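One-letter residues, chain by chain:
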Amino acid sequence: QVQLVESGGGLVQAGGSLRPSCVASGGTLSTYGVGWFRQAPGKEREFVASISSSGGLLYYADSVKGRFTISRDKAKKTVYLQMNSLKPEDTAVYYCAADTQGRAPIRRADYEYWGQGTQVTVSS
């Protein structure tokens, strides 16, 4: 059973940066596509970014383009979400998810495994 674990969230001032990471226990992310989603209080979980298993396909939500970068380190079996120029509206719980087919889906339904999430809070 693959379990995803996120870390690297926290509290930061507007304009600051954070770099959450996602690792897998009981398996490996190396052959999986990975997506990041976020959910703010009272809102639906929304797509943020995704990367294919090869790293050749990358997708971003319009709201984060130019500020967030998704990447993967195969040696460390880790996927990162570099978040720069953070805004208060980026405040949410951030989840990573894995697609066993190695794609980079933008739909929640295409992901088989989910982490528990890491809180990101951006103060104004």
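Residues numbered from 1 in each chain as written. Predicted model: local features only at pLDDT ≥ 70, side-chain atom pairs only at ≥ 80, totals over all residues. Heavy atoms only, no water.

Caption draft 1: Layout of the overall build of the chain. Broken down by element type, the chain carries zero helices and 11 strands. Secondary structure elements of the chain occur, N-terminal to C-terminal, as β-β-β-β-β-β-β-β-β-β-β. Since a compact globule built from 124 residues should have a radius of gyration of about 14 Å, the 13 Å found for the chain is in line with a globular shape. Considering only C-alpha atoms, the chain reaches an extent of 40 × 25 × 25 Å along its principal axes. Evaluated residue by residue, the chain yields a buried proportion of 44% over its 124 residues. (Helix = DSSP H or I, 4+ residues; strand = E, 2+ residues; numbered from the N terminus. Rg over C-alpha atoms; globule rule 2.2 N^0.38 Å. Buried < 20%, exposed > 50% of the residue type's maximum accessible area, 1.4 Å probe, protein only.)

Caption draft 2: Highlighting the sheet that holds strand β8 (residues 78-83). An order of β1-β3-β8-β7 is seen for the four strands of this open sheet, with the pairing classed as antiparallel. The open sheet has two edge strands with one neighbour each: β1 (3-7) and β7 (68-73). If you compare each strand with its neighbour and ignore which way they point, the axes differ by 20 degrees on average. With six bridges connecting them, β7 and β8 associate as antiparallel partners. Residue pairing across strands places F68 opposite M83, the latter belonging to β8. (Pairing = 2+ DSSP bridges. Axes fitted to C-alpha atoms, helices over the stretch in contact; angles between N-to-C directions.)

Caption draft 3: Quick peek at unusual backbone geometry. Residue S85 is not a glycine yet carries a positive backbone phi of 50 degrees. Tracing the backbone through its elements, the reader meets S85 in the loop between β8 and β9 (92-99).

Caption draft 4: A look at the pairing of strand β11 (residues 118-123). What you see with β11 is a clean split: T118, V120 and V122 sit on the buried side and Q119, T121 and S123 on the side with no burial. Of the strand pairs in this sheet, β9 and β11 are connected by three bridges, and their pairing is antiparallel. Each bridged residue has a counterpart across the sheet, and for Y94 the counterpart in β11 is T118.

Caption draft 5: Spotlight on the side chain of T78. With respect to the secondary-structure elements, T78 resides in strand β8. Sequence-distant contacts of T78, that is, excluding residues within four places in its chain, are made with S21, C22, V23, S71, R72 and D73. (Contact = heavy atoms within 4.5 Å.)

Caption draft 6: Geometry of a nonpolar patch on the surface. A cluster of nonpolar side chains, contributed by L57, Y59 and I106, occupies part of the molecular surface with about 280 Å² of accessible area. You can see Y59 is positioned in strand β6 (residues 58-60). Exposure remark for Y59: the relative accessible area of 38% places this residue in the partly exposed category. (Patch = residues over 30% accessible without salt bridge, like charges linked within 9 Å, V, L, I, M, F, W, Y side chains within 5 Å. Areas by Shrake-Rupley, 256 points an atom, 1.4 Å probe, with all protein chains shown as cover. Salt bridge = Lys/Arg side-chain N within 4 Å of Asp/Glu carboxyl O.)

In short, shape yes, function no, at least from these values alone.
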